[in-house]
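Residues per chain are reported as follows:
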Amino acid sequence: MRLTASNLACRRGGREVFAGVSFSVASGELLAIRGRNGAGKSSLLRMVVGLVRVADGQLALEAGDPELAIGEQAHYLGHQDALKPSLSVRENLQFWADFLGTGAAAIGEPLARVGLETLADLPAAYLSAGQRRRLSIARLLVVTRPIWLLDEPLSALDAVAQQSLTEFMRGHLAAGGVILAATHGALGLPAAREVWLGQASSPRVEEGWGGGSEGGATTPAPAPRLATPTPSPSGKGEEP
Amino acid sequence: MTALAAMLVRDMRIAVRVGGGALMGVLFFLVVAAMVPFALGPDLALLKRIGPAILWLAALLASLLALDRLFAADQEDGSLDLILMGRAPLELVVAIKGVAHWLTTGLPLVVAAPLIGLFLNLDGPAEAALVLTLLVGTPALTFIGLIGAAIAVTLRRGGLLVAVLVLPLTVPVLIFGVAAANAVSSGPVPFGTPFTILCALTLASLVVGPFAAAAALRQEME
């Protein structure tokens, strides 16, 4: 499986957020999406799953399920936890297991893996931010989908939970999955690839909290290339 | 459980729990309709004549009450993103949410209507006709309302906008619903004629509502 983006551009509210973003990520690889606040990290993730329109460029998935859109084969862990406060922990997770999954998935084991099995009957309204986050993460474990899109996945998690999320990510990669993660900090495991989002559409200077931070998508660090032109994907996947 | 059944169960659970909208609608309906006799005075003939219209108006407003939260709540907590990413067709998901909304707000109105009918001096046949028209007509109100709820999904405090968008579209339902309910007691028209048109309006809204609402949702998520 290989997810390829070529020359993606994003416009929101009439403003160009990014342009000329290209990357390619294969099974078992983690792509770290980096950039300053407002550079479009979340927009890029949402674009991959089809929640933001592709203004220009192409997204393609090779060796995925040709019957399904990319978003239908992906898990999206956004800033919001998609939990209903009046439903219990178990009911929340069971709903997403039924809605996103195909068969009857057992939710007991994933709940235990995120450490919420003792709270299963508590309404989600009483959960802390970190516990809500862990319940969202359990969604990724309960339904198997090959692509994970994680937006600041470590936020609100304590050290133990961060470590177990890293374990889940490692397991997903080992099983041949793909992970795209937008993050400022370290993820706890080496990113096979990185993409940097700048704020304008010309190539970006490398060290960049300062002024000259413009740029489409280039790799700053020793990490493998991203902006390399990828072979034109055939047929499958989304057209802009 | 399939995706659609899961959605039906979830929406109904949320509606009947604390903070859900299920009881609000029927309480509003009871309060509004019960106030009318106090405002008009004990003129039994007048109450009998305008009773069906009052009950239909109260039902219309009550069914709009919780409607603006139908998609907005899912949008605010991020559920709508995942719903759009799901494999179930959005049109069917929207229709199922409409069904859940009707079962928790529309159906209780139909059940409560005979009680309030007593306040308004409706006799047996008139009550039966009223309940039948409400049973057939309230799904149309919900499914037309889906469109307004979907259009207003990204707006904060979109409740009034939903009402402004939806109320004009419900005028035909109101006209034929009240005409059919009145036909039994007073009208020159037979019951069947307006009632058949009311059924047609409901069937059309069951088809058009989900498609229009799903299209609006896709457009908004942009």
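Residues numbered from 1 in each chain as written. Chains lettered and ligands numbered in written order. Predicted model: local features only at pLDDT ≥ 70, side-chain atom pairs only at ≥ 80, totals over all residues.

Visitor: I tried to follow the overall build of chain B on my own but got confused; where do I start?
Guide: Across its full length, chain B carries 10 helices and 0 strands. N-terminal to C-terminal, the α/β element order of chain B is α-α-α-α-α-α-α-α-α-α. Against the 2.2 N^0.38 benchmark of 17 Å for 222 residues, chain B shows a C-alpha radius of gyration of 18 Å, consistent with a compact globule. When burial is assessed residue by residue, chain B has 52% of its 222 residues classed as buried. For chain B, restricting intrachain contacts to residue pairs at least 6 apart in sequence, the fraction spanning at least 24 positions comes to 80%. (Helix = DSSP H or I, 4+ residues; strand = E, 2+ residues; numbered from the N terminus. Rg over C-alpha atoms; globule rule 2.2 N^0.38 Å. Buried ≥ 20, exposed ≤ 12 C-beta atoms within 10 Å, placed from the backbone. Contact = placed C-beta atoms within 7 Å.)

Visitor: Whenever I open this one, the overall build of chain A confuses me. Can you help?
Guide: Scanning chain A from N- to C-terminus turns up 5 helices and 8 strands. For chain A, the N- to C-terminal ordering of α and β elements is β-β-β-α-β-β-α-α-α-β-α-β-β. Taking all 240 residues of chain A together, 44% fall into the buried category.

Visitor: What is the right way to look at the sheet that holds strand S3 (residues 30-35) of chain A in this model?
Guide: In sheet architecture, strand pairing relies on hydrogen bonds along the backbone and comes in two forms, parallel and antiparallel. Residues and elements named next belong to chain A. Strand order in the open sheet formed by 5 strands is S5-S6-S7-S3-S8, and the pairing between neighbours is parallel. Looking at the sheet topology across the chains shown, the edges are occupied by strand S5 (74-77) and strand S8 (193-197). When strand polarity is set aside, the average angle formed by the axes of neighbouring strands in this sheet is 15°. Relative to S8, S3 runs parallel, the two being bridged by 5 bridges. Counted as the bridge partner of Ala-32 is Glu-194 from S8. (Pairing = 2+ DSSP bridges. Axes fitted to C-alpha atoms, helices over the stretch in contact; angles between N-to-C directions.)

Visitor: Sorry if this is basic, but what is going on with the interface of chain A and chain B here?
Guide: Quoted interface sizes are often the accessible area lost when the parts come together. Chain A puts 22 residues into the contact, and the matching count from chain B is 22 residues. Going through the elements one at a time, S5 and helix H2 (89-100) of chain A are the ones with two or more residues in the side of chain A that touches chain B. Taken together, the residues that form the side of chain A that touches chain B break down as 12 nonpolar, 4 polar and 6 charged. (Nonpolar A, V, L, I, M, F, W, Y, C, P; charged D, E, K, R; others polar.)

Visitor: Mind showing me how you'd approach the nonpolar core here?
Guide: Within soluble globular proteins, side chains that are nonpolar generally end up buried alongside one another. Counting 143 residues, the largest nonpolar core has A:Leu31, A:Leu149 and B:Ala150 as the members making the most contacts within it. Looking at this core element by element, the count peaks at 15 residues for helix H7 (residues 124-151) of chain B. Among residues more than four places away in sequence, those in contact with A:Leu149 are A:Leu45, A:Val48, A:Val49, A:Ala74, A:His75, A:Tyr76, A:Leu77 and A:Leu180. (Core = buried A, V, L, I, M, F, W, Y, C linked by C-beta atoms within 7 Å.)

Visitor: Hey, could you run me through helix H1 (residues 41-48) of chain A in this one?
Guide: The periodicity of an α-helix, 3.6 residues per turn, causes residues three or four places apart in sequence to face the same way. Residue and element names in this part refer to chain A. Of all 8 residues making up H1, 7 are buried, and the element is well covered by its neighbours. For H1, every residue scored as buried is listed here: Lys-41, Ser-43, Leu-44, Leu-45, Arg-46, Met-47 and Val-48. Within two residues after H1, Gly-50 carries a phi angle of roughly 90°, on the positive side.

Visitor: So what exactly am I meant to see when it comes to the sheet that holds strand S1 (residues 2-12) of chain A here?
Guide: Residues and elements named next belong to chain A. The strand order across the open sheet built from 3 strands is S2-S1-S4, with neighbouring strands paired in antiparallel fashion. Each having just a single partner strand, strand S2 (15-26) and strand S4 (56-62) make up the two edges of the open sheet. Ignoring strand direction, the axes of neighbouring strands in this sheet form an average angle of 15°. In the sheet, S1 pairs with S2 via 8 bridges, with the strands oriented antiparallel. Across the sheet, the residue bridging to Arg-11 is Glu-16, located in S2. In the packing of H1 onto the sheet, the strands contacted are S1, S2 and S4, and the crossing angle to S1 comes to about 120°.

Visitor: Help me out: how do you make sense of the environment of A:Ala63 in this one?
Guide: All names here are of chain A. Take Ala-63: it is sitting in the loop between S4 and S5. When the C-alpha atoms of Ala-63 and Leu-141 are compared, they prove to be 22 Å apart, with 78 residues separating the residues in sequence. Once you skip the residues sitting within four places of it in the chain, Ala-63 turns out to touch Met-1 and Arg-2.

Visitor: Explanation requested: the environment of B:Ser63 in the structure shown.
Guide: Secondary-structure assignment places B:Ser63 in helix H3 (residues 44-65). For the pair B:Ser63 and B:Leu165, spaced 102 residues apart in sequence, the C-alpha to C-alpha distance is 14 Å.

Visitor: What's the story with the pairing of S3(A) in this structure? I'm lost.
Guide: Along any regular strand, the residues point their side chains to alternate faces of the sheet. All names here are of chain A. When you tally the buried positions in S3, you get 5 out of 6 residues, the bulk of the element. Alignment of S3 against strand S7 (residues 178-182), held across 4 bridges, turns out to be parallel. From the neighbouring strand, Leu-31 faces S7, where its bridge partner is Leu-180.

Visitor: Where do I start with unusual backbone geometry in this structure?
Guide: Of all residues except glycine, most have a negative phi; of all peptide bonds, most are trans. The phi torsion at A:Ala82 lies on the positive side, around 55°, for a residue other than glycine. Among the secondary structure elements, A:Ala82 is positioned in the loop between S5 and H2. Its identity is not glycine, yet B:Asn121 carries a phi of approximately 60°, on the positive side. By the secondary structure assignment, B:Asn121 is in the loop between helix H6 (90-119) and H7.

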